[in-house]
Amino acid sequence: MLRTKVLVVGAGPAGSTAARFLSKNGTDTILIEKNLSFIKPCGGGVPSTIFDELGIPKKAIIREIRKVRFVSPRENSIEIEVKGGSLAIVHRGEFDSILREEAKKSGAALLEADFKQLEKPERQLVARVVIDGKEELIKTDYLIAADGVNSRVRLAVGLKLPSSLYTISEKIKNVDTDQCEFWFGSSHAPKSYSWVFPAAEGISVGTGSVKPEALKDLLKKFQKRRGLDEQNATRIYKIPLWDGELYNKNNIFFAGDSAGHVMPLIYEGIYHAMKAGEFAAMAIISGKPSDYKKMWKRRFYSRFLIMKNLCDYFLKDDNSTEKMVSLFRRKEIQEVCMRLWLEKTSSKGPLISFMKFFKRFLN
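None of these values were measured; they are calculated from a predicted model. (Residues numbered from 1 in each chain as written. Predicted model: local features only at pLDDT ≥ 70, side-chain atom pairs only at ≥ 80, totals over all residues. Heavy atoms only, no water.)

**What to know about the overall build of the chain**
When helices and strands are counted, the chain shows ten helices and 18 strands. Here the C-alpha radius of gyration of the chain, 20 Å, is about what a compact globule of 363 residues would show, namely 21 Å. Dimensions of the chain along its principal axes, counting C-alpha atoms only, are 60 × 45 × 35 Å. Relative to its 363 residues, the chain shows a buried fraction of 54%. Long-range contacts, defined as pairs at least 24 residues apart, comprise 68% of the intrachain contacts of the chain with a sequence gap of at least 6. (Helix = DSSP H or I, 4+ residues; strand = E, 2+ residues; numbered from the N terminus. Rg over C-alpha atoms; globule rule 2.2 N^0.38 Å. Buried < 20%, exposed > 50% of the residue type's maximum accessible area, 1.4 Å probe, protein only. Contact = heavy atoms within 4.5 Å.)

**As for the sheet that holds strand E16 (residues 235-240)**
Spatially, seven strands are ordered E6-E5-E13-E14-E15-E12-E16 in an open sheet, and the strand pairing comes out mixed. Both edges of this open sheet fall to strand E6 (77-81) and E16, since each of them pairs with a single strand only. Each adjacent strand pair in this sheet contributes to an overall mean axis angle of 20°, direction not counted. Here six bridges tie strand E12 (residues 164-172) to E16, and the two strands are oriented antiparallel to one another. Opposite Ser164, over in E16, you have Pro240 as the bridge partner. (Pairing = 2+ DSSP bridges. Axes fitted to C-alpha atoms, helices over the stretch in contact; angles between N-to-C directions.)

**What about the pairing of strand E2 (residues 29-33)?**
Of all five residues in E2, five are buried, a share of seventy percent or more. Side chains of E2 alternate between two faces, with Thr29, Leu31 and Glu33 and Ile30 and Ile32 buried alike. As paired elements, strand E1 (residues 2-9) and E2 share four bridges and run parallel to each other. Within E2, the residue paired with Val8 across the bridge is Leu31.

**Overview of the environment of Phe328**
In this structure, Phe328 sits in the loop between helix H8 (318-327) and helix H9 (331-342). Sequence separation between Phe328 and Ile80 is 248 residues; the distance between their C-alpha atoms is 8.5 Å. Among residues more than four places away in sequence, those in contact with Phe328 are Phe70, Ile78, Ile80, Ile333, Gln334 and Cys337.

**Re helix H6 (residues 270-286)**
Over its 17 residues, H6 runs 25 Å from end to end, which matches the ideal 24 Å to within 8%, given 1.5 Å per residue. Following H6 by one or two positions, Gly287 adopts a phi angle in the positive range, close to 75°. (Expected span 1.5 Å × (residues − 1).)

**A short note on the packing of aromatic side chains**
Scanning the model with the defined rule gives 22 aromatic pairs in all. Ring centres 5.6 Å apart and planes at 70° place the aromatic pair Phe253 and Tyr292 in the edge-to-face group. One end of the pair, Phe253, is in strand E18 (residues 252-254); the other, Tyr292, is in helix H7 (residues 291-314), with 39 residues separating them in the sequence. On the accessibility criterion, Phe253 (0% relative accessible area) is buried. Among the residues examined, Tyr292 registers a relative accessible area of 0% and is labelled buried. Joined through ring pairs, the aromatic side chains of Phe70, Phe182, Phe184, Tyr193, Trp195, Phe197, Tyr267 and Phe328 make up one cluster. Lying across the ring of Tyr301, Lys297 places its NZ or CZ 4.6 Å from the centre. (Phe/Tyr/Trp six-rings, centres within 6.5 Å; stacked < 30°, edge-to-face > 60°. Lys NZ or Arg CZ within 6 Å of the ring centre and 35° of its normal.)

Next comes the structure, spelled out in structure tokens:
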């Protein structure tokens, strides 16, 4: 049986960040990942400001984008210049690998291991995992579940998986763009949006729906609208829908997709997953598990709740979405929205300004 102070299940952005902060503090940490070669389907866009905040090597950035384009259901198009930073495009496989290496440099033990179950979790934390085809037990004081939207740890402690938005995406190499495009319309993205993001080669294109069986048809409709050829090399994945409920159960913490830490409306997840990993690590280091919920709610709860309300209002139908896009013609709204997105600090200034513009839609 292996023994550690903290077992982190899942070595994506949340898990690797938690392991890095823990091991930097001298806390004995084991970080496990089922498949180290797995590359999560993801647009790979993160605000450039997070690299300095979280101490991430900037070699992970493959492109920097300074323009964002919104296209309404009725073809009204608005292009916004990103000021005070940029949208950094990362390749998820390389980005996740860099984060794992940073955790290892700090002293965390990284294992390719498949989490299976918790043995008598009501008494002590003993995880049953499979390493190189053989079962192994890991005894731990704390466990951080950073194992994604299909979290086995959630299931192991008797919790249901989160509700999800399903996405379909593919890479197209013979097309390029210098901006991130968000396309709205119920014909191809009901209560969601379709996107075109720059990639290392060409573009990443995709759309979302709560109905997975509709995805392929929706993507075809979007590609036709955008004037793109079908490539037929699609990948389908789930994005958890935030409900604001799950933080920790005693000494088991949930971070990232396993806790639904994806911002409603814009579905930004990487930054919030990494901060959740940091907060979980801080709560463990302090010996106060309940601090995790307090830190997360103090930093993010108001933002997530506001965005959920706006999502419910503006994405309910095409007329409401048309109204949302038209609001972005106002320069002052563009400025405050870009500040809120780029400035990932605890300052309430950008949030208060944002609320003033959108308060009539928040009830």
